Amino acid sequence: GNKNINAKLVLLGDPGAGKSSLVLRFVKGQFVEFQESTIGAAFFSQTLVVNDATVKFEIWDTAGQERYHSLAPMYYRGAAAAIIVYDITNPASFDRAKKWVLELQAQGNPNMVMALAGNKADLLDDRKVAAEEAQVYAQENGLFFMETSAKTATNVNDIFHEIAKRLPRV
Ligand code: GDP
Ligand code: MG
């Protein structure tokens, strides 16, 4: 029969990487050029149907600023999935993404499904992080990797869909 799964999902990553934009695209199918920066965290929910299950994502979109760092465990603790977002035009955001991965590996749920999103994939002319480098990093660290664009919608539904497929069936 069809299973119903509730999954807490957290987005982590540098301010400006596009976390809120990915959520807005996934939940509302919209994109805005001047997305307001997130204060603290914002909550959304969205349901996805995969082959054998209906997955209700409970999404925590975090702010990413250092001054909110101490709040992050509230959002990733107990999370079934995380999307760690960086901006392909910003190498510092890729470094920061790796720090989030280390923190999740140390403090997060060991069964957490982790996705690495190289966002702003539409800005190819400004690319500073090679897809191959991120792919290798993801593979070595037990994440799956996709380049996404909240602007063009490339791979946005796909990344949530892939997470839904990988969540443990209980
Ligand atoms: P957050 O701080 O990680 O939540 O990032 P935001 O979602 O607020 O996005 C920061 C800025 O990047 C905003 O001006 C967005 O419009 C822009 N942005 C987000 N995603 C994309 C994308 O995929 N492509 C482009 N070109 N801009 C994006
Ligand atoms: Mg935000």
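See above for the structure.
Residues numbered from 1 in each chain as written. Chains lettered and ligands numbered in written order. Predicted model: local features only at pLDDT ≥ 70, side-chain atom pairs only at ≥ 80, totals over all residues. Heavy atoms only, no water.

## Concerning the site of ligand 1
- Around ligand 1 lies a shell of 19 residues, among which Gly-16, Lys-19, Ser-21, Glu-33 and Asp-122 are the nearest.
- Between an oxygen atom of ligand 1 and a main-chain N or O atom of Ala-17, the distance comes to 3.3 Å.
- A distance of 2.6 Å separates an oxygen atom of ligand 1 from a polar backbone atom of Glu-33.
- For ligand 1, the protein covers 89% of the area, taking 580 Å² as the surface of the free molecule.
- A total of 3 residues in the shell around ligand 1 trace back to one element, the largest contributor, which is helix α1 (residues 19-28). (Near = heavy atom within 4 Å. Polar contact = N/O pair within 3.5 Å; in protein donor to acceptor, adjacent residues only side chain to side chain. Areas by Shrake-Rupley, 256 points an atom, 1.4 Å probe, with all protein chains shown as cover. Helix = DSSP H or I, 4+ residues; strand = E, 2+ residues; numbered from the N terminus.)

## Brief notes about the sheet that holds strand β3 (residues 53-62)
- The mixed open sheet is built from 6 strands, whose spatial order is β2-β3-β1-β4-β5-β6. Strands with a single pairing partner mark the edges of an open sheet, and in this sheet they are β2 (41-50) and β6 (144-147). Across this sheet, the average inter-strand angle for adjacent strands is 25°, counted without regard to direction.
- In the packing of α1 onto the sheet, contacts are made with β1 (3-13), β2, β3, β4 (81-87) and β5 (113-119), and the angle to β3 comes to roughly 150°. (Pairing = 2+ DSSP bridges. Axes fitted to C-alpha atoms, helices over the stretch in contact; angles between N-to-C directions. Contact = heavy atoms within 4.5 Å.)

## Considerations on the coordination of the magnesium ion (ligand 2)
- The coordination sphere of the magnesium ion (ligand 2) contains the protein donors Ser-20 (OG) and Thr-38 (OG1), at a distance range of 2.1 Å. With Ser-20 in helix α1 and Thr-38 in the loop between α1 and β2, this residue pair connects regions lying 18 residues apart in the sequence. Comparing Ser-20 with Thr-38, the two get one shared label, buried. (Donors = N, O, S within 2.8 Å, 3.2 Å for Na, K, Ca; no water. Buried < 20%, exposed > 50% of the residue type's maximum accessible area, 1.4 Å probe, protein only.)

## Quick look at the nonpolar core
- Membership of the largest hydrophobic core comes to 29 residues, with the highest contact counts inside it found for Leu-9, Val-55, Phe-57, Ile-83, Phe-160, Ile-163 and Leu-167.
- Mapped by element, the contributors of at least two residues to this core are β1, α1, β2, β3, β4, β5, β6 and α5 (156-166).
- With residues up to four places along the chain from it excluded, the contact list for Phe-57 reads Ala-7, Leu-9, Phe-26, Phe-44, Ser-45, Gln-46, Leu-48, Phe-160, Ile-163, Ala-164 and Leu-167. (Core = buried A, V, L, I, M, F, W, Y, C linked by side-chain atoms within 4.5 Å.)

## Let's talk about the side chain of Thr-38
- Looking at Thr-38, the relative accessible area reads 13%, which means it is buried.
- Of note is the side chain of Thr-38, whose polar atom sits 2.7 Å from the side chain of Ser-20.

## Here we look at helix α4 (residues 131-140)
- Along α4, the positions that sit buried rather than exposed are Ala-134, Tyr-137 and Ala-138. For α4, the buried positions fall inside an angular range of 100° around the axis, keeping them on one side. Among the exposed residues of α4, those pointing more than 90 degrees away from its buried face are Glu-132, Gln-139 and Glu-140.
- Among the structural elements, β4, α3 (91-107), β5 and β6 are those in contact with the buried residues of α4. (Arc of directions from axis to C-beta.)

Worth remembering: the numbers are spatial, not functional.
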